[in-house]
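# Topology and contacts: notes
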Amino acid sequence: MRHSIRAVRGGRFVLAALALCVLLTRPVRAQVIGEAVELERTGRHDRAAVVYLAVLRGEPTNLAALLGLERVLPPLGRLPELLPLVRRALARDSTNRAFRALEVRTLATLNEPDSAEDAARRWIALAPGDEGPYREWALALADARRFDEARAVLVAGQRALGGSRAGALAVELADLAARRGDWEDAARQWGRAATAAPDQLPSAAAQLADVAPGQRDRVTRALVEDPSPVARRLGAELLLAWGDPARAWAVFEPAVTAAGSPQAAFALRRFADLAGARGTPEGRRVRALALARLADVVPQPVAARARADAAHALLDAGDFAAARPVLERLAADSTAPADAQALANTALVEALIRQDDLDAATARLAAVGDRAPADDRAALGRALVRARIRRGELARADSALAGDSSVDATALRGWVALYRGDLKAGADQFRAAGPYAGERRDAVERTTMLALMQQVRRDRFPELGDALLTLARGDSTRAVQALRLAAVELQTEGRGGGAAELLLLAGRIAARPGAGPEEQRTAATLFAEVVRIGGGGGEGTGAAAPAAELEWARLLLRQLQALEAVRHLEHLILSYPESAVVPEARRELERAKGAIPES
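So, how was this worked out
- Residues numbered from 1 in each chain as written.
- Predicted model: local features only at pLDDT ≥ 70, side-chain atom pairs only at ≥ 80, totals over all residues.
- Heavy atoms only, no water.
- Helix = DSSP H or I, 4+ residues; strand = E, 2+ residues; numbered from the N terminus.
- Buried < 20%, exposed > 50% of the residue type's maximum accessible area, 1.4 Å probe, protein only.
- Contact = heavy atoms within 4.5 Å.
- Areas by Shrake-Rupley, 256 points an atom, 1.4 Å probe, with all protein chains shown as cover.
- Lys, Arg positive; Asp, Glu negative; His and termini not counted.
- Charge placed at Lys NZ, Arg CZ, Asp CG, Glu CD.
- Axes fitted to C-alpha atoms, helices over the stretch in contact; angles between N-to-C directions.
- Parallel < 35°, antiparallel > 145°, perpendicular 65-115°, else oblique.
- Left-handed = near helix turned anticlockwise from the far one by under 90°.
- Salt bridge = Lys/Arg side-chain N within 4 Å of Asp/Glu carboxyl O.
- Phe/Tyr/Trp six-rings, centres within 6.5 Å; stacked < 30°, edge-to-face > 60°.
- Core = buried A, V, L, I, M, F, W, Y, C linked by side-chain atoms within 4.5 Å.
- Arc of directions from axis to C-beta.
- pLDDT = per-residue confidence, 0-100.

## A short note on the overall build of the protein
The helix and strand tally for the protein stands at 32 helices and zero strands. Each principal axis of the C-alpha distribution contributes one length, and for the protein these read about 130 × 75 × 65 Å. A total of 599 residues make up the protein; the buried ones form 44% of that total. Restricting to contacts in the protein with at least 6 residues of sequence separation, those with at least 24 account for 52%. Roughly 30000 Å² of accessible area belongs to the protein as shown, and the carbon and sulfur atoms make up 54% of that amount. Treating the 82 positive side-chain charges of the protein as one cloud and the 77 negative ones as another, the clouds have centres 6 Å apart.

Right, here's the structure in full:
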């Protein structure tokens, strides 16, 4: 009895030891494979092959080692050694898909097409519902550039599997068509693949997006005319990628309407993101249409947020008329979350301001009350003031600023005073506002105006205020005329202080990019006048004259008169060596000389 117990215990010990050995060899074997991969990575294929073969001697079905040999034996000219190893693995596990695929690939690479076909057919007989045999067989044929035969194999596979697997082998057919340059067929196959598995749509769009422009119409037609809504969505995404957002939406919207709500919501969100990424006004508008449609298929509060985003996209696209009803609907929606309603109200005020419906904007802002954050209300109030100023409604703008002690409001009061011609009050308000009111561009504009007012040295100058207000309202032609008249008035006084600066400002306005020939001639005349005044040593012209000559040279360069530009720049550098604009003049001189053709 004791001996039998001892024998049982001994047997258990042996089994446990053997199990432990198996467990210990697995990590060791993995480590050995890792070392072989590292040898392979560093180009030592012969040494990697030795390691992989050693692993297979102990474990004939080790897939990592077999695949490693598939990679390292061809460069060594030893691929025939792999075939018996693969067949030994298949003898151990005849149903293993990876071994079957490896056999087909190896035979094809060894240029044994009949044997490769036999191997694929044996695999088909073992697994009649598997795509693998057809895929591996077709890829092997395609790698040998036997494209027609590869396509025939895939089509046969589709027929064999089609009853049970929609879209079977469509991706492979699409890839094959792309390799053959038949993008129309590739589009049809990708449409079929995406219809069977909509998560394939991004991959399909990515592959088809690079189609050459000359073939895009055929690709689009193949998808847009497809009865499948998913295929039509793919066509719409391609139209979007190819820069036609309006047509893309016309194709996409009826296609997505046919989808169920969850699928439609995902598709609309994806389409909106793609349209927004275009960065164009039309792209933003289409993004808004997709978001507005999304709001109809998702529950609150997601719907409210989508409508708010849609309205903002319409505002960004400059389509204020379309944004207004969307915002009004959201603002009136009692089921929408409070933050979404607040966002809609503030955006609606912004839309009304951009439409120049200032009275409606004022009333809407007053009705919003505490439902919007105080900072947002204040910012919208100041936007209303700026809009009033642009319309010349200075009294209403001033009244709207009452009680606002912020630096931004102080800066706006400065502009109101300046446009009324009260230069002293305007300068005082600009100084009080400091450099941090508004954006950086606003601070630069205030600094420029302060410098101008210091040169003019008047407490009141209504003509200058009118000229600057005309400029603010966008009438540059009349602003130039008014500034010239204001400069003449200063010269008539006998002092002339600030006249050159006013003429320089008028010249810069007339020479702005996109100015017509007549305006450019006016600008050249003004710059010439400032340079003449400076050359005569007129009062207060020290900085204006070199700045005018620099602007004159830039205007000449835009007119392709490089020789004349060089003459002015050299005169500037020699005549005003201490001027702050000399470094800019030197850079422009190099550019001008580079524009002169060699004789």
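## As for the packing of helix H6 (residues 113-126) against helix H7 (residues 132-143)
Closest axis-to-axis distance for the H6/H7 pair is 9 Å, and the angle between their directions is 165°. Relative to H7, H6 is oriented roughly antiparallel. Once H6 is placed against H7, the crossing between them reads as left-handed. Facing Glu117, Ala120, Arg121, Trp123 and Ile124 of H6, the residues of H7 in contact are Gly132, Pro133, Tyr134, Glu136 and Trp137.

## Quick word on the pattern of salt bridges
Tallied over the full model, the rule gives 50 salt bridges. With a closest N to O distance of 3.2 Å, Lys424 and Asp428 form a salt bridge. Of this pair, Lys424 and Asp428 both sit in helix H24 (residues 423-433), four residues apart, which is roughly one turn of the helix. Connected through shared salt-bridge partners, Asp356, Asp359, Arg388, Arg391, Glu393 and Arg396 make up one network.

## Quick notes on the packing of aromatic side chains
Summed over the entire model, instances satisfying the criterion amount to five aromatic pairs. On the basis of an interplanar angle of 45° and a centroid distance of 5.9 Å, the ring pair of Trp249 and Phe271 is categorised as tilted. In this pair, Trp249 sits in helix H14 (residues 245-257) while Phe271 sits in helix H15 (residues 261-277), placing the two residues 22 residues apart along the sequence. Through a chain of ring-to-ring contacts, the aromatic side chains of Trp249, Phe252 and Phe271 assemble into a single cluster.

## A look at the packing of helix H30 (residues 544-558) against helix H31 (residues 562-575)
Contact geometry of H30 with H31 gives a least axis separation of 8 Å together with a crossing angle of 165°. Taken together, the axes of H30 and H31 are roughly antiparallel relative to one another. Regarding H30 and H31, the two cross each other, and that crossing is left-handed. For the pair formed by H30 and H31, the contact residues are Pro546, Glu549, Leu550, Trp552, Ala553, Leu556 and Leu557 on the first element and Ala562, Glu564, Ala565, His568, Leu569, His571 and Leu572 on the second.

## Quick look at the environment of Glu501
Within the secondary structure, Glu501 sits in helix H28 (residues 499-510). Taking the C-alpha atoms as reference points, Glu501 and Met453, 48 residues apart in sequence, are found 9.6 Å from one another.

## Re unusual backbone geometry
The phi torsion at Asp356 lies on the positive side, around 65°, for a residue other than glycine. Tracing the backbone through its elements, the reader meets Asp356 in the loop between helix H19 (338-354) and helix H20 (358-368). One non-glycine residue, Leu560, adopts positive backbone phi at about 65°. When you line up the elements, Leu560 lands in the loop between H30 and H31.

## A word on the environment of Ala443
You can see Ala443 is positioned in helix H25 (residues 440-456). Assessed through its relative accessible area of 13%, Ala443 is described here as buried. Separated by 13 residues in sequence, Ala443 and Phe430 have C-alpha atoms that sit 9.1 Å apart. Sequence-distant contacts of Ala443, that is, excluding residues within four places in its chain, are made with Pro435 and Ala437.

## What to know about the side chain of Thr410
Along the chain, Thr410 falls in helix H23 (residues 407-419). Owing to a relative accessible area of 11%, Thr410 belongs among the buried residues under this scheme. If we ignore the near neighbours within four places in the chain, the residues touching Thr410 are Ser405, Gln429, Ala432 and Ala433.

## Here we look at the nonpolar core
Grouped together as the largest cluster of nonpolar side chains are 65 residues, with contacts concentrated most on Ile389, Met449 and Leu502. For Leu502, the residues in contact, after removing those within four places along its chain, are Leu452, Phe461, Leu464, Leu483, Ala486, Ala487 and Leu490.

## Some words on helix H4 (residues 82-92)
Within the sequence span of H4, burial applies to Leu82, Leu83, Leu85, Val86, Ala89 and Leu90. For H4, the angular spread of the buried residues around the axis is 165°, confining them to a single face. Set apart from the buried face of H4 by more than 90 degrees, the exposed residues are Ala91 and Arg92. The inward-facing, buried residues of H4 contact helix H2 (45-58), helix H3 (63-76) and helix H5 (97-109).

## Observations concerning the confidence of the model for the protein
Detail in the predicted coordinates should be disregarded across regions flagged by low pLDDT. For the protein, mean pLDDT is 85; residues scoring 70 or higher make up 91% of the total. Averaged pLDDT values over the elements of the protein bottom out at 54 in helix H1 (residues 2-41) and peak at 94 in helix H26 (residues 462-472). Per-residue pLDDT stays below 50 along residues 1-24; that stretch engages in zero contacts with residues further than four places along the chain or on separate chains.

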